[in-house]
Amino acid sequence: MRITFHRRALLALAATAAFAVQAQAQDIKLGYNGDLSASPSAQSGHAAVTGMQAAIDDINAAGGVLGKKLTLVTRDDGSAPPKSIQNMSDLIDNEKVAAVFGPTNSGNALAWKHIPNQKKIPVMGNVGSGTDITKPMSPGADNYMFRVSMVDRDQVATLMGYAKKAGKVIGYMAETTGYGQGGLKDMTEIGELHGIKPAGVERFAVADTDMTSQLNKMKAAGVDTLVVWAQGTPIAQLVRSMEKINYFPLTLTSWAADNITFYDAAGKTLAEKPIFMRTIGEKRNAAQQKLFDRIGSKLKAPSAFSFALHGYDSVQLMAAAMKQAGSIDGPAVKAALEDLKAPVQGVLKTYDKPFNKDVHDALGAKDLVWIKWKDGKLEPYTDATIQSLTAADFKK
């Protein structure tokens, strides 16, 4: 009798385990590969993942995708390209994800974008803004890289239009990462379209804490307008270095100045020096406020909420493409993304045909707002130069 009972118990346990494995196998896995711990931008990656999970929860509560639940598998690349490449292969080959999101750092995407293109797995960026991320590997090649985030080229085009009107002597500075050098490339190319010849071009490492040497060269050259491409903490060290030599040119920076690491390192007064752009300030519509009330306590700082919005909307777009395709097959999902039949309601905005075969960025210059820190908050900014800008001032 004991043997029979024991056997039945084992069979029941095995059946339960088999059912659990089968149910798990029916889930649609989405992967996130990005920095969640190491670089000044890690808080942005964390916010994107938080937004993604909120979207997954909402989609699952509404019945999932193609009758299946979505699940999220995260991999922290520690801002290191070799680790990011390893993570991408692991997510695709071992975890069998249907799509990958991320990364946090632009340089890492450029290091591994060949992998999803070769394996035909869609990628939806939601943090990294490097211009070349969503470009095909070669002209006319199939391109599986999509994005719901800012694009450096659009930011630079806007900032350079401002610099051309407001500045007399212009200089460029950038960090030595892939992100910084990609931005410097955009600045140089767009500057040439404006006929701008920079009086100085200087670089610094992401961990540098003293840029007075570079700034003294700019000061000696008479630079009155400085365009800077770097992550949050090094931008803070740059404005602190300006204070050391009492040199404060008009400073236009990448959107990374929105990062709380920038504000904390610069301090309230110096944090208010740069002008930059992002997709939202701290004034929210009803839908955005509802999401913020739900996930805000999980963010490293309120200023990171824009990345949570990107994360949320990126999942909604991918889910819509899978539903339209009736499949999670990579080529079918890619084709659906390039020709979404119905508008997709996001929280940042509503997306009406955001992609096509040649355009893989859902956000453009029209989605950007001018921002400046004011009393510890990210506030909309305007001045006479911004108000005077016209379409002819945006060259890219």
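Just so we're clear, the structure is a prediction, and the values are computed from it rather than from any experiment.

(A) Region of interest: the packing of helix α2 (residues 42–61) against helix α13 (residues 305–325). At their nearest, the axes of α2 and α13 sit 6 Å apart, and the two run at 40° to each other. Considered as vectors, α2 and α13 are oriented oblique to each other. Seen from above, α2 lies across α13 with right-handed handedness. Here α2 contributes Ser 44, Ala 47, Ala 48, Gly 51, Met 52, Ala 54, Ala 55, Ile 56, Asp 58 and Ile 59 to the contact with α13, which in turn contributes Phe 307, Ala 308, Gly 311, Tyr 312, Ser 314, Val 315, Gln 316 and Ala 319.

(B) A look at the pairing of strand β6 (residues 170–175). Burial within β6 is extensive, with six of its six residues counted as buried. Across the two faces of β6 the burial is the same, with Ile 170, Tyr 172 and Ala 174 and Gly 171, Met 173 and Glu 175 all buried. Bridge count for β6 against strand β8 (residues 225–229) is five bridges, and the pairing is parallel. Its bridge partner being in β8, Gly 171 is matched across the sheet by Leu 226. Taken together, the five bridges between β6 and strand β7 (residues 200–204) define a ladder with parallel strand orientation. Across the sheet, residue Gly 171 finds its bridge partner in β7, namely Gly 200. Taken together, β6, helix α7 (residues 178–194) and β7 form a β-α-β motif whose crossover is right-handed.

Conventions we followed
Within each chain, residue numbers correspond to sequence positions counted from 1 in written order. Totals for whole chains, interfaces and linings use every residue, but because this is a predicted model, local features are given only for residues with pLDDT of at least 70 and side-chain atom pairs only at 80 or more, for both listing and counting. By convention in this description, side-chain values take in all heavy atoms of the structure and omit both hydrogens and water. Geometry is summarised by axes, namely lines fitted to C-alpha atoms with helices restricted to the contacting stretch, and by angles between N-to-C directions that run from 0 to 180 degrees. Secondary structure elements are defined from DSSP: runs of H or I of at least 4 residues count as helices, runs of E of at least 2 residues count as strands, and each element is numbered from the N terminus. We call two directions roughly parallel when the angle between them is under 35 degrees, roughly antiparallel when it is over 145, roughly perpendicular when it lies between 65 and 115, and oblique otherwise. Whether a crossing is left-handed or right-handed is set by the direction in which the near helix is turned from the far one by less than a right angle, anticlockwise for left-handed and clockwise for right-handed. Contact definition: two residues touch when any of their heavy atoms are within 4.5 Å. Only protein chains enter the area calculation, which uses a 1.4 Å probe; residues under 20% of their type maximum are buried, those over 50% are exposed, and those in between are partly exposed. A pair of strands is labelled paired if DSSP reports no fewer than 2 bridges between them. The handedness rule is simple: strands pointing away from the viewer, and a clockwise path from the first strand over the helix to the second, make the crossover right-handed.

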